[in-house]
Each structure stands twice: as structure tokens, then as C-alpha cells.
Amino acid sequence: MTEYPTSQEGPQPVASGGGTDEAGHGKAPIAATEAVRTHAAGAGAGASAEPDGAASAAATDARAARSAAGAGGSAGLPRPRRNAAAPGEVPAEPGQGAARPRPGASALDAQVGAAGHGGPAEAPRPRGGDDDMTGDGNGPPAAAITSGDGGAGRHGGGGGAVPVGEATVARREGDRLRFVGAATRRIARGIDLDEIVLGLCRATVPTFSDAILVYLRDPLPVGDERPVGPVVLRLRRTDRLRPIDDLTDISSTIGAGMDLAGAAGATGELDFSQLPLVGPQGDLPAAELCEIRPGGALAEVLRGVRPVFGSSAAARAALPELLGVDHPLPRGNRAVLAPLRGRRRVIGAAVFLRSPERPAFEQNDLLVAAQLATHTALGIDKAVLYGREAYIADELQRTMLPDGLPQPTGVRLASRYLPAAETARVGGDWYDAIPLPGSRVALVVGDVMGHSMTSAAIMGQLRTTAQTLAQLDLPPAEVLHHLDEQAQRLGSDRMATCLYAVYDPVAHRITIANAGHPPPVLLHLGGRAEVLRVPPGAPIGVGGVDFEAVELDAPAGGTLLLYTDGLVESRLRDVWTGIEQLRERLATTAQLTGLDHPPPLEALCDDVLDMLGPGDRDDDIALLAARFDGIAPSDVAYWFLDPEETAPGRARRFARRALTRWGLEELEDSLELLVSEVVTNAVRYAERPVTLRLLRTDVLRCEVGDDSPQLPRQRRARDTDEGGRGLFLVNRMARRWGATRLSSGKVVWFELTLPATPERR
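Residues numbered from 1 in each chain as written. Predicted model: local features only at pLDDT ≥ 70, side-chain atom pairs only at ≥ 80, totals over all residues. Heavy atoms only, no water.

Our next topic: the pattern of salt bridges. By the definition in use, this model includes 26 salt bridges. Across the pair Arg236 and Asp194 runs a salt bridge whose closest N-O atoms are separated by 2.8 Å. On the criterion of sequence distance, the pair formed by Arg236 in strand S10 (residues 232-240) and Asp194 in helix H5 (residues 193-204) is long-range, its members being 42 residues apart. Glu672 is paired through a salt bridge with Arg656; the nearest N and O atoms lie 2.4 Å apart. With a gap of 16 residues between them, Glu672 in helix H16 (residues 668-685) and Arg656 in helix H15 (residues 647-662) connect regions that are remote in the sequence. Note on Arg656: relative accessible area 31%, which makes it partly exposed. A single salt-bridge network, built from bridges that share partners, covers Arg693, Arg701, Glu703, Arg735, Arg736 and Glu751. (Salt bridge = Lys/Arg side-chain N within 4 Å of Asp/Glu carboxyl O. Helix = DSSP H or I, 4+ residues; strand = E, 2+ residues; numbered from the N terminus. Buried < 20%, exposed > 50% of the residue type's maximum accessible area, 1.4 Å probe, protein only.)

Laid out in C-alpha cells, this is it:
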């Protein structure tokens, strides 16, 4: 006998010899039932005074009752008393709510025996329209579903033999199908691996089994990947029936067909001494890892795919290999080993266990276990594939965005990126900050249409193109023009918006070009937030349009905020309303932090994102904030040198004067040597005046520009060579050095570490 809780409703009476289906059919009328009870009582007491005609009438009433049970009985039958002990049971002690079963007697014997002695057999009726599992939280607990031998045999007791009706068998099979349907839906609700395994455990414990162990391959194969090395199973999760004291309604959770008063011991817990589980109750721990030996018993069971009883020869040889040799094996058919097979291979195994107080598994339970194992394995396969796809999407998005922002001289940067939702982890929004020659920096923010992998790939190509164009030191409008051409080469429907700005900390100016992007917002030091008037332009990918750049002041202490439309536009507000709210938010934040100093950059980014409401996350968001510190004119020295032989000597004198003015005489020897080498190399190839500029910030930076596009390369000079050692000296003595090609030539620069002074220590 197998018991599946399916309903909270109490057991309904059934006339002797009749079954009950889910609609309540098959119950005898009250008059017929009373006649059967009268006849049974008289026969049991040995009364002989009843005439033969009365006995025939009673027998006729009994046949009528069985006929009425097949045609659909009526409601209104009296409900049996819960504390009445059926034949085959030991009466409960005073205060107990149920009778304890007699050793060796099953619930099915109790029901049939009660029917044979004139007592009504209890059979539950599932509540229609609710098939969620016990413990799921979405539906009521279920009552007992009894599955037997199909009703082929006859069981007698007391006054006569009473057959198990076909309606009862049909009801049992219907309840079994409803249980499997509800369990598979509970498993299918999970989207990741842990949710699916948890769904299997919650759907089967305590409804189908008292305990479960779930083993999965470690690592789980993905798609068509072939495993490398031995196949290892890892114990992923275990679950078991809790003690009775911890259950809110144990009678409805386990089922009305199970006698819990007799099953519970003196401590109020069920006997799980023979269940090899991991749990807080102190059982023997199951094996954490299990390596499947090729040709072993466990490998053969898993290869067969079908669930097997724990008492079978194959399972008794495979379970010690899975659980560990020190584990006692459950006696009888109280364990089921079910392989978990995905689409292409076996990915694990599940072990269902029942306690000794509960009826053992039956043949039909193997079909239930097979259904649960199949749905679980397919769900795990999909979860693994989904996890791999999410990992690829995360890696793609991470590699497309900068790992960190540079910290160029004269500007501080901060950024944020938020995906549109957990299920849309990739998008087309990007930001970037690119150092340029002359201590300048390019600030870029863009947005490709869509939230797919294709959008992220296009975004990566446009970002790479923007970085390449920035290194050529092209004007912002020219950069957008080349990005537009690149987008057209990628496809006719590849469109994006972009804003490209170049900040010069020496001139305290910023040049901005826009391609259909929301305008930036500038927060001044005094707390005033201003939406910059930048020509909007057409989006990238339209083709055949010109882009216009504007040059604006970038005052020291100001903060420029570049963003994508996901920050200011949603289904609840239009873009200009969002821009106005952003401007007001920046002004309010500046008022709170004080007007004499700018707000902290990182805190400002977080505060801006806090303006988003619950319905404002329709798009992914990229945010780039730049704090303009600038370089003071007193820290800049600039000269023009004619390409003559005397240029290196003049450059040394200019550099020595600047160091004296800044109090950096300790660097004179090093700076004069390096300036002489770099200027000599520039004069050799230049046709126009050479520029020399010194910048004093946290380091001493020297920049030498000429009109020759050929970049210098360091080489190893031979002992007989008269030249070729200039860049070798620069590389050994400078903190950093480099060369950048410009549209009008190149710039060679190097940096020297400032000497330690009391104010710098």
C-alpha cells in the first residue's frame, strides 16, 4: 500500500463493498447502508429469530447498496468517528486521536476489515482544483491516496467477503496522476540548479517518501561537453521528514490513512534509525563524494536508467558504493534508487527512503520515481545551460566595459553600470575614459539599441573603434563621423547614440560632440546644476549627416555627468522630465554637502542612482562622472624651439629656469640630460618649430612635440655605434615614458618622480 497525501479534507465514509471516486460517486444511499449494517450486526450476534424473508430482504438491500455505489451515491452519509478503532488495530490510549495499527497489519487490511464487519471504510476525497504539493506553500496539504493490487483479489472479514471496487482503483490511479502532475510542476518552477533540486525534495518529502538524497555529477557536464577524468557524484542535497513537534498539522501533512499516534515514539519523533541521512538528528553521514567505477554495480544501475528497489540485487550492490560501505541498507522495499538522466547522459541519482512505520514502496511507485527523476534531470540540464549562458553574458559585458578608470592629471573619474534586469544582464550601454597627449582625457558614453548579446557585441566593436580613433587625437566631431561609418559597415540597422568629449586641464576647456545622446549636466562649485546646450545631432548609423562640436568652459571644481537614457527615461516619465529631475537632484546634493566644496564623487554617483523609482528600470544605465581639478597656470611652462642645432642647449636652459622657479633643483641633472636627448631626436626630423612643455603635478612631466609622424623606437646599440642610446637613457632614468602619434605629428613624453619635501611626506 502506498500513501500520497493530497488533501486537507477529512476522510469520507464509504459503504461496504463500494468505492469512492473524486466526485463522490459510488456511495450507497442511507437506507441501503443501514440495511447492510442491520444484517451484518444480526449475523455477527448469532441472531436466528429473523425470518428467511427478512434475510433475503437484507441481502437484496446489500446488493442494492453495491449497485447504488456503482451508479453514484448520495451525499449526507454520516462521518465516522476519528477515534474509532477498526479491526486489525489496537485501541488508542485515552487522549490519543487515532488508533495504533496492529503489528503486521496494513492500513488497507484495516479498511477492508472494517468494511467486512459493517464499519465504514475511510477513503479520502481530493479537493478539486488544487494539486500543489505539501510544503510548497501554494496549496493545501493532501490526504492519503491508497494504491494496491488493482482490486483483483477479494478480502473477507467477519460477516462476509467484500470486493475492492473498480471505482477505488480508478480513484487511486487518478490521484496518482494528480500527484505526479503537481510534483513535476513544482520541480519545473525552478530556474537554477538549487531551486530544481529543492523542488524535488519538497515535492516528495513527506508526500512520496520520508527522506531523499540527491547526488549530481561534479562537475556537471554542459551541452555536448565530454567529461575528462573519472565520473564523480557529489551529494547535492538531503531532506527528511521533520519531528512531529515541528509540524503544524502532521495529520494532514502525512495523510489520514497513516496512524501517527502509533508511529510516534515516546519522544514524539518518527523512527528513522535505519535511514542513512545527513541531518541534525545525528544519523550517520552519507558519503559526500562517490567515484563511479567503470563496470561497477552503481555504473550498471545508472546505465540502465530505470529506478530499482533497494532490495533488488543490483541496488544492494550499488547502494554501498553510493552511500558508503559503513551504511546500513534499508530492509525490504523501503528504498528506491532512481538514476537522473538528462538529454544526453546520466547526470546523477536520487535515493528515496521510507521509515519502517510506513508501508513499503510498490511496483507502481517505480513509475512515479521515474517520472520525478526524468523531470528533475531535464530541469537540471536546462539550468546548467542557462547558467552557462548567463556566465557568458556576464563575461561579455565585463570585458566590453573597462575594468577600471584611469586617473589622468587634472581630473578625477567615477562610473556606474546597472543592467536593465537580472534576466537581461547584457546591453548596449558603455562608457570609457581615454588618456590623450598633452595631459588631456577623452570622455565617452554611448548606447546601442537593444539588450541582447548582439547589442553587446556591437557595443564592443564601437568602443574599440572609439579607442583607436582617440589615440589618433582626432577632433570629437571627426571621431563621431568615423563611428557612424563603422556602424554602417556593421549593418543597416546598427544604430547607437554617443557623446564624445575631450577635456584639457591646462586650458580648462572641454570640447563636446553629440550623436543623438541626452545632453550632459555640469554641476558648478557653487551648487548650480546646468544642462549643457550641445547640438543633439543624429544617431550613429544613420549615415550622411554632419556632427558639430562645441567648446565650453570647464571650471575647476565642477563636475560633468555623462549618462545614458536609462537614467532619465522610462515608461513613467519622458526624457526631458527625467533630465530636469536629474538636474534638481544634483543641485540638492550640492546644497547638502556645502557650497564651498564639491560633493564626493563616488557618493554623488550613488545618490544619482537613488533617484530611480520601482518602475524606472526599463533600460540599462551607464554613468560617468568627471571632477575637473585642472592644472594651475603657475605649474605649466611652455616654449617653442626652432629646429636648429642650438635647440637642445636652449631647451636645457629653459628647463633649468623652470626647476629653479618651482624649487626642484635636485632634478636639474636628470631633466637636462633627458630633455637634451628627446629634443635632439625631434630636431633631427622636424621641419616646423618644436614644442617643449613642463607640467608640475604629483610628478614632473615633460612633453616634446614635432611635426614628424614617425614614432621613436628603442633599440639596442652596438659598441661601435655613435648613436641610438638616447631612448635607452630615457627608459632607464624616467619614471614612465611614451610616444603618441597626432594628426599633425607626434608627442614624446616622460615623467620624473618629484623629490620628497616636508609638505609631500
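Pairing is antiparallel in the open sheet, where five strands are placed in the order S15-S24-S23-S20-S21. Of all strands in the sheet, those with a lone pairing partner are strand S15 (411-418) and strand S21 (529-531), marking the two edges. Within the sheet, the average angular offset between the axes of one strand and its neighbour, ignoring direction, is 20°. On top of the sheet, helix H14 (residues 601-609) reaches S15, strand S20 (521-523), strand S23 (559-563) and strand S24 (621-628); it is set at about 30° to S15, its chief contact. (Pairing = 2+ DSSP bridges. Axes fitted to C-alpha atoms, helices over the stretch in contact; angles between N-to-C directions. Contact = heavy atoms within 4.5 Å.)

For the rest of this paragraph, the subject is unusual backbone geometry. Phi is mostly negative for residues that are not glycine, and the peptide bonds are mostly trans. Backbone torsion omega between Val205 and Pro206 reads 0°, so that peptide bond is classified as cis. By the element assignment, Pro206 lies in the loop between H5 and strand S9 (211-217). Here the phi dihedral of Val305 falls at roughly 70°; this positive angle occurs in a residue that is not glycine. With respect to the helices, strands and loops of the structure, Val305 is situated in the loop between helix H8 (297-304) and strand S12 (308-309).

Attention now moves to the pairing of strand S27 (residues 699-706). Burial analysis of S27 places eight of its eight residues in the buried class, which makes it a mostly covered element. With burial as the criterion, each face of S27 is covered, one bearing Val699, Arg701, Glu703 and Gly705 and the other bearing Leu700, Cys702, Val704 and Asp706. Of the pairings in the sheet, the one linking strand S26 (residues 690-696) to S27 comprises six bridges and is antiparallel in character. Within S27, the residue paired with Leu694 across the bridge is Cys702. Linkage of S26 to S27, two consecutive antiparallel strands, is achieved through a turn of two residues. Pairing between S27 and strand S29 (residues 745-753): eight bridges, direction antiparallel. Looking at the pairing, Val699 lines up with Thr753 of S29.

Let us look at a nonpolar patch on the surface. On the surface, Tyr391, Ile392 and Met453 cluster together into a nonpolar patch covering about 290 Å² of accessible area. Note that Ile392 resides in helix H10 (residues 363-400). The partly exposed category is assigned to Ile392, whose relative accessible area is 42%. (Patch = residues over 30% accessible without salt bridge, like charges linked within 9 Å, V, L, I, M, F, W, Y side chains within 5 Å. Areas by Shrake-Rupley, 256 points an atom, 1.4 Å probe, with all protein chains shown as cover.)

All right, on to the packing of H10 against helix H11 (residues 453-471) then. When two helices pack together, their arrangement is given by the angle between the helix axes and the distance between those axes. For the pair H10 and H11, the least separation of the axes is 10 Å and the interaxial angle reads 20°. As the angle between them shows, H10 and H11 are arranged roughly parallel. Of the two elements, H10 crosses H11, and the hand of that crossing is left-handed. On H11, the residues that touch Ile392, Ala393, Leu396, Gln397, Thr399 and Met400 of H10 are Met453, Ala456, Ala457, Met459, Gly460 and Arg463. (Parallel < 35°, antiparallel > 145°, perpendicular 65-115°, else oblique. Left-handed = near helix turned anticlockwise from the far one by under 90°.)

Summed over the entire model, instances satisfying the criterion amount to six aromatic pairs. When the centroid spacing of 6.1 Å and the interplanar angle of 20° are considered together, the rings of Phe179 and Phe208 count as stacked. Of this pair, Phe179 sits in helix H4 (residues 166-188) while Phe208 sits in the loop between H5 and S9, placing them 29 residues apart in sequence. Chaining the aromatic ring pairs together yields one cluster made of Phe179, Phe208, Phe352 and Phe361. The ring of Phe208 has Arg354 lying over it, and the distance from NZ or CZ to the ring centre is 5.6 Å. (Phe/Tyr/Trp six-rings, centres within 6.5 Å; stacked < 30°, edge-to-face > 60°. Lys NZ or Arg CZ within 6 Å of the ring centre and 35° of its normal.)

What follows concerns the pairing of S10. As paired elements, S9 and S10 share seven bridges and run antiparallel to each other. Note on S10: the bridge partner recorded for Ile212 is Asp239. Strand direction decides the pairing type here: S10 and strand S11 (residues 289-291), joined by three bridges, are antiparallel. Bridging across to S11, Leu233 finds its partner in Cys290.

With antiparallel pairing, five strands are arranged side by side in an open sheet as S25-S26-S27-S29-S28. Each edge of the open sheet is held by one strand with a lone partner, namely strand S25 (636-641) and strand S28 (736-742). This sheet shows a mean twist of 15° between the axes of neighbouring strands, independent of strand direction. Of the strand pairs in this sheet, S28 and S29 are connected by seven bridges, and their pairing is antiparallel. Looking across to S29, one finds that Gly738 is bridged to Trp749. Against the sheet, H15 touches S25, S26 and S27, its axis set at about 165° to S25.

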